[in-house]
Amino acid sequence: MGSPEIDLFFNNAYEQTFSAVSRYVASHASRFQDAEDIIQNVYTRFYKRLCDKGCDDIESAEAFLINIAKFECRTFLSSFIKRRDRVKNMSEFSEEESAALDAELSRDEPLLEDIMSNKILAKQIFDDIVRNDETVGQIFYLHFVCDMKLDEVAKRLGLNLSTVKNKLYRTIERQKKKYEI
Amino acid sequence: MNKRDFYKELMSEYQFDKDKIFANAKKGKFAKRSPMPIYIGATAVAAAAVVGVGTFMFTSLGGGKGVDLLTGSTIAALSNKERIERAIEDIRKNENSGELHDVMVTFRVPLSPSEAQRVLTEKAQANVPVKMLYFSDGSRVVGAQAVGKVFEKGKGEITGAVINCAGYLMEQLHNSSEVFTVEVLTAEDDLNVVAPINTSDPEIDNLPVVDIGGDVSIDTSGEPSVPVNPDSESTDGSDVSDSSDVSDGSDSEENSGESTDTSEGTVPSADVMPEGVTLPENIGGMQYVTKPISAKDAFFLNDDCFFVINSYGAAIYEFNGRSENLVSSIECEKPRIDWIAEDGSEMLVSAEAEGRRSRLFYVNTSNRLFTELDVDGVVMSGEISDVVYNKASGMLVINVLENGQYYTCTSIFDGNTAEYVAVAYYSGDAQVTVLAADAEYVYVCVMRENYTEIVKADANTSSDGFVIFSEESSCAVTPNLAGTYAAVVLNSGSYIFDPVTETMLGVPASGVVSFGASTNGFSCGGGYYTISDGRITAASGLEIVGKIDWKNSFSTKYQAKAVDECVKITESSYSRKNTQQGLLFNSPYENASEEIRAVVNKAIGLQNAIATNRVSASGIVDAETLAKAMKSIYSQKAAEQLKTRCSISGIELSYENGGLKTINVSDTVLTITSNNGKTAAGVLYIKAGTFDGKIGYHTVNVNLVNTGAQWKLDGIIE
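Residues numbered from 1 in each chain as written. Chains lettered and ligands numbered in written order. Predicted model: local features only at pLDDT ≥ 70, side-chain atom pairs only at ≥ 80, totals over all residues.

## A word on the overall build of chain A
Basically, it comes down to this: Runs of E in the DSSP output that reach at least two residues are strands. Runs of H or I that reach at least four are helices, and both are numbered from the N terminus. Distance between backbone-placed C-beta atoms decides contact: two residues are in contact if it is within 7 Å.
Counting its regular elements, chain A contains 9 helices and 0 strands. In chain A, of all internal contacts separated by at least 6 residues, the share reaching a separation of at least 24 is 65%.

This is the structure in C-alpha cells:
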C-alpha cells in the first residue's frame, strides 16, 4: 500500500514509539481491555495517513501518534457514563505487608534475566498473571509499565486501594512459589 | 534485575501483540468497536418513495463518490474483477461515511426473498429502502411496491439488490457471509444494463483475498493534525355591590353625617380614628435566613428543596417553612450548571478538579442526589469546555479542550445510563463551541481568527461535517441551557441559530438575548418571544418569563438568595396566585392627594389587623372602638360590607378574617383616575413580586366618597 520510503518511515516510527503509545493508551483508555484495539487503530490510522499525505510534515512521530491516540481513546469508548461510586481508600493492607512487598520487588535476582530470555517461560508467567483475573493484568501493567502509583491504579480501576495491593501481593507470592522466582 | 524491573519488562513485552498490530496497520485494518449506533435517516426512506414501478430515479446523495478508482467507468464497462476491486475501494472510502448511496449488493449464491430481506436489513437494524431486486433468471423488479410484493410472496431466487444506504453500512453488509460485493452506483450507471456480479465467473476465483479491515472506524477526515495549534378586580371591593343594608340602628345618627350633600351649607363633622389606635400598614412577608452555610448562590429546585453552590462545592437542602435540612452535597471546585430541565427537576453540573474542569454531575431532584458521571475517558487530560444536553433527543454533547484542540464528543443519555457515540467533530486549529444538538446532528460554531463557520456534524460518526453558514467576522456565542438554540453575534448582526430549520433568525430587538432554561423561548430588549418552525413570535405570560427567570421560578412557595454566606428565603414571586391572575408590568405613578392616600393606608392597616388577628394589638380594645375606626375609614355601605364579610359584632370585639389578604402599604402605588370633589376613583397597584428583573403588580379598583368633611373608602380593598 505504501511506498518503500513510507514503509521505512512507518517501521522506524513503530519501533520507536510503540512503547510510549502503548503506555499512553493503556493509562488513558476508558476500558483497559480496549487498549490493544485502540493501539491497533492508532497505528492503522497513522499508516493510512502516511500513505495518503506522506510524512514530510511530521516533525515528531511520537507527538503525532499520541495526538491520534487522544482521538482514538475518545472514539473507542463503548459506555463511558456510569455512576461513580467513590470508595474511601481504607487500606486493610498492613504497613508490614507494604514494606514486605516493596522489599520483594526491590530484591535483585539474577535468575530473572534468564527467565526473560526464556520466552516460553516468560510467556507462561505472563499468562499466569492475566489468565485468572483480568484486573490483575491491568494492575501489573498500569503499575509497572505505566509507572502509576497504586492509589492511582485503584482510582483508575475503581477499586479499593487495599484490593489493589492484595491482588498485587498475592500474585507475586503465588508466582514466587510456582516459578521459584 | 529486580522483580520490579522484571515485571515491567514482562508486561511491556507480552501485554500487547506488537507484531499483529504492526501487520494489521499495514493492511489498513481497524479494530472493531463494540456498540456502534446505526441510523438509517428519514432521507433514505423518502428516497425510496420517489421510485415508481418501472422507473428508476437516482436519488443518490453522494453520486460523485466512489467512482474515481477506474477512471470513472460505469459498472457495466468493468470486468468482474475490476468491479470487485472498485467495490473494495468503495467500502474503504465510505467506511465511516453517513452519506447516502445507491448501492448494488451481490449475493454469493442466490437467496430466497426472506433470506435476502434478512441479510439486507439485519445489519441496519432498521428498514433499508430496497429499490431493485435481481433474479437468477435474469429478470428484475423495480420500485418499492414491487419489491414489497416479492418479499411478501417469497418466490424467486435473488442474486442481488439495489438499496439506498449510508456509506458506513456498506462494510457491515460486506461482512455478511451471504454478501459477495457491495458497490456504489452513480448517476452514470444505467440500471437497465448493470446487474449483480456473476459469482460463477472463473476469473473471480483467481482473485487474491483482500482484507478490507474490521467493522467501523473513523473517517480520516476527523484525523487529528500535527499540533501546529416574567384590573382590575372589580374587586374593587368596589363591588360594593349594593349589599343589603344591614346597618344596626346604633349607627343611624352618625350615618346621617355621612351625607355627601354639602350644598345645604352645613358642614358635617369628620369621623376621626380613635386615639391610641395604630394600624399595621406594613405586615412584611415571609422571610427566613438559614444558618451560615458558605452559600455563594442558591435557588429553589421545587417547593421543598433548594440548591446551593457553596465554598466547598454544591448541596441540596430541604426546607419545611421553618428550618433547612441538608440532604446531599458534593465537594468540588467551581461548580457550573451546564443544563437544567425546564421544570428544574434535573441538572447537569460540571466542576473543576485541581484547576481543570473535568467532572460532571447529574442531579435528580426527585431523589435529591448527585450522581457523578465518569467522563474520564472523554476528558482525559483535557478539560470540559462546554456541555450541551438536548433532553428531548437524549443527545449529550461534551466539548473537550485539550492542548488547544477541541473534541466534540456525543453520547445518548437518559438520566440513568449513557451510551457513548462518537467524536462527532474535531478541530485542531479553531475554537469550537457547541450551539445545539439533536438526535442526528451536532451544530458547532467554529471560529478561526476573524472567520466564523457554523458546521453541521453527524452526531453518530466522526466527520468534517457540512458548513451551513459562514461569515468573515468574529463571533460571540451563547447557547441556551436546553441545547436547542443559540444566540450568535456577528459583525452583520445578532441572530438566533435555529437547528430545526438550520437558519440564522434575526433577533427581533436590540439587546442581549437571554434563554434561561426555556427550550424555545427567550427575552431580548425587554420583550419575550418563542421560536417555532423557524419563526420568532412575541409571547407573554409568567409561564415563559418563569422559564427565563429560572432561578426564581421553580418553587411556587419560596425563592432563595445567597446573602452573607447564608440563604435568605422569601415568598416566591411565582406563586399560584400570581401565575393564575393577570399581572401588570407597566410603571404606575402615585398621584393621590395626601388625604386620599391616608385613608387608603388606614383601610389597608385595618384590613391587615383583621386578617392577622391583630385588632386588639392595634389599640382597638372594644367593639365601639372598632366601629369608630371603621367609620373613620369607610363609607356606611363599605363598612356594612366589611362587617358582614368578617362577622364583626357590634356588641363585643369579635371578628373573623373573612379571607382578607395582607397588603404592605410600602408595596402599593395609588393612581387616582377621576375626582370630581364628591367622588373619586383610581387604581391601587399592589406589588406581586419581581419577575425577571421587572416588578409585577396586582391591581385593585378604589372608589372613594367625600362626606363633605373627609374622604372615605367606598369598598373593601382586595
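There is more to say, and it comes next.
## Things to note about the overall build of chain B
The condition that has to hold: Buried, partly exposed and exposed are defined by the number of other C-beta atoms within 10 Å of a residue's own C-beta, namely 20 or more, between the two limits, and 12 or fewer respectively, with C-beta atoms placed from the backbone.
When helices and strands are tallied, chain B shows 16 helices and 35 strands. Per-residue burial over chain B gives 46% buried out of 718 residues.

## Notes on the interface of chain B and chain A
At the junction of the two partners, chain B supplies 55 residues and chain A supplies 56 residues. Of all the secondary-structure elements, those providing two or more residues to the side of chain B that touches chain A are α1 (3–14), α2 (18–26), β14 (369–373), α11 (376–379), β17 (405–413) and β18 (418–427) of chain B. Element by element, the count of residues in the side of chain B that touches chain A is highest for α1(B), at 10 residues.

## Details of the nonpolar core
For clarity, the cut-off: We call a set of buried Ala, Val, Leu, Ile, Met, Phe, Trp, Tyr and Cys residues a nonpolar core when their C-beta atoms link them within 7 Å.
A:Val25, B:Phe306, B:Val442 and B:Val444 are the most contacted members of the largest nonpolar core, which totals 151 residues. Discounting chain neighbours no more than four positions away, the residues touching B:Val442 are B:Val397, B:Thr408, B:Thr410, B:Ala424, B:Tyr425, B:Val434, B:Ala437, B:Ala457 and B:Ala459. Formed by 47 residues, the second largest nonpolar core is a distinct cluster that contains B:Val277, B:Val615, B:Leu684 and B:Tyr685.

## Some details on the sheet that holds strand β26 (residues 503–506) of chain B
Residue and element names in this part refer to chain B. Which entries qualify depends on this criterion: Any two strands between which DSSP finds at least two bridges are classified as paired. Note on definitions: angles span 0 to 180 degrees between N-to-C directions of axes, and those axes are lines fitted to C-alpha atoms, for helices only across the stretch in contact.
Taken together, 4 strands build an open sheet; the order of strands is β23-β24-β25-β26 and the sheet is antiparallel. Edge positions in the sheet fall to β23 (476–479) and β26, since each of these pairs with one other strand and no more. Strand-to-strand twist across the sheet, computed as the mean angle between neighbouring axes with direction ignored, equals 30 degrees. Across 4 bridges, β23 lies against strand β24 (residues 486–490) in antiparallel orientation. Paired with Pro479 across the strands is Ala486, a residue of β24.

## Re the confidence of the model for chain A
To keep it simple, the criterion reads: Each residue gets a pLDDT score, which is the predictor's confidence in that residue and runs from 0 to 100.
Confidence in the prediction for chain A averages 82 pLDDT; 90% of positions are at 70 or higher. Considering only residues more than four positions removed or in separate chains, one finds that residues 79–91 of chain A, a stretch of pLDDT under 50, has 27 contacts.

## With respect to the pairing of strand β25 (residues 493–498) of chain B
Two faces, one strand: in a regular strand the side chains alternate between the faces of the sheet. Residues and elements named next belong to chain B. Buried residues dominate β25, accounting for 5 of its 6 residues. As paired elements, β24 and β25 share 5 bridges and run antiparallel to each other. Each bridged residue has a counterpart across the sheet, and for Ala487 the counterpart in β25 is Ile496. Between β24 and β25, which pair antiparallel and follow one another directly, the connecting turn spans 2 residues.

## Details of unusual backbone geometry
In this model, A:Asp147 sits at a positive phi of 55 degrees, which is unusual for a non-glycine residue. Examined against the element boundaries, A:Asp147 turns out to sit in the loop between α7 (134–145) and α8 (150–157). A positive phi angle, close to 50 degrees, is found at B:Met380, a residue other than glycine. Secondary-structure assignment places B:Met380 in the loop between α11 and β15 (383–390).

## Observations concerning the pairing of strand β30 (residues 558–563) of chain B
Residues and elements named next belong to chain B. Taken together, the 6 bridges between β30 and strand β31 (residues 566–571) define a ladder with antiparallel strand orientation. Along β31, the bridge assignment pairs Gln559 with Thr570. Adjacent in sequence and paired antiparallel, β30 and β31 are bridged by 2 residues, among which Asp564 carries a positive phi angle near 50 degrees.

## Some details on the packing of helix α14 (residues 594–611) of chain B against helix α15 (residues 623–633) of chain B
All names here are of chain B. Basically, it comes down to this: Each crossing gets its hand from how the near helix is turned against the far one by less than a right angle, where anticlockwise is left-handed and clockwise is right-handed. The residue classification treats Ala, Val, Leu, Ile, Met, Phe, Trp, Tyr, Cys and Pro as nonpolar and Asp, Glu, Lys and Arg as charged. All others, Gly included, are polar.
Where α14 meets α15, the closest approach of the two axes is 9 Å, and the angle between their N-to-C directions is 145 degrees. As for the relative orientation of α14 and α15, their crossing is left-handed in sense. Residue-level inspection shows Val599, Lys602, Ala603 and Leu606 of α14 in contact with α15, the latter providing Ala629, Met630 and Ile633. Here the contact of α14 with α15 is built from residues that sort into 6 nonpolar, no polar and 1 charged.

## Side note on the confidence of the model for chain B
All names here are of chain B. Scored by pLDDT, chain B has a mean of 80; 83% of the residues are at 70 or more. Within chain B, helix α3 (residues 42–49) has the poorest average pLDDT of any element, 24, and strand β7 (residues 295–300) the best, 96. Segment residues 34–72: pLDDT under 50, and 83 contacts once partners within four positions in sequence are set aside and those in other chains are kept. What the predictor reports for the complex is a pTM of 0.60 with an ipTM of 0.85.

## With respect to α8(A)
All names here are of chain A. Using the following cut-off: Within this analysis, the arc is defined by the directions that extend from the helix axis to the C-beta atoms.
When α8 is considered as a whole, its buried residues turn out to be Leu150, Val153 and Ala154. Down the axis of α8, the smallest arc covering the buried residues is 100 degrees, so these residues share one side. Contacts from the buried residues of α8 go to α7 and α9 (161–178).

## A closer look at the sheet that holds strand β12 (residues 346–353) of chain B
Residues and elements named next belong to chain B. What the 4 strands build is an open sheet, ordered β11-β12-β13-β14; its pairing is antiparallel. This sheet does not close on itself; its edge strands, each paired only once, are β11 (333–340) and β14. Averaged over all neighbouring strand pairs, the angle between strand axes comes to 30 degrees, with direction disregarded. Sheet topology places β12 next to strand β13 (residues 356–364); 8 bridges connect them, and they run antiparallel. Residue pairing across strands places Ser350 opposite Leu360, the latter belonging to β13.

## Topic: helix α1 (residues 4–28) of chain A
Spelled out, the test is: Throughout, the bend at a residue refers to the angle made by two axes, fitted to the seven residues ending there and to the seven starting there.
A:Thr17 marks the point of greatest bend in α1(A), at about 55 degrees. Buried within α1(A) are the following residues: A:Phe10, A:Ala13, A:Tyr14, A:Thr17, A:Val21, A:Ser22, A:Tyr24, A:Val25, A:Ala26, A:Ser27 and A:His28. Against α2 (35–53), α3 (61–75) and α7 of chain A together with α2 of chain B lie the buried residues of α1(A).

## Topic: the environment of A:Glu134
Residue and element names in this part refer to chain A. Among the secondary structure elements, Glu134 is positioned in helix α7. Residue class for Glu134 comes out exposed when judged on the 11 C-beta atoms lying within 10 Å of it. Spatially, the C-alpha atom of Glu134 lies 8.6 Å from that of Gln33, the residues being 101 residues apart in sequence.

## Remarks on the packing of α2(A) against α3(A)
Residues and elements named next belong to chain A. Worth spelling out the cut-off: Note on terminology: angles under 35 degrees are roughly parallel, angles over 145 are roughly antiparallel, angles of 65 to 115 are roughly perpendicular, and the others are oblique.
Running from amino to carboxyl end, α2 crosses α3 at an angle of 130 degrees, the nearest separation of the two axes being 9 Å. Classified by the angle between their axes, α2 and α3 sit oblique to one another. Here α2 and α3 pass one another in a crossing that is right-handed. Residues Ile38, Asn41, Val42, Arg45 and Phe46 of α2 pack against Leu65, Ile68, Ala69, Glu72 and Cys73 of α3. Counted by class, the contact of α2 with α3 contains 7 nonpolar, 1 polar and 2 charged residues.

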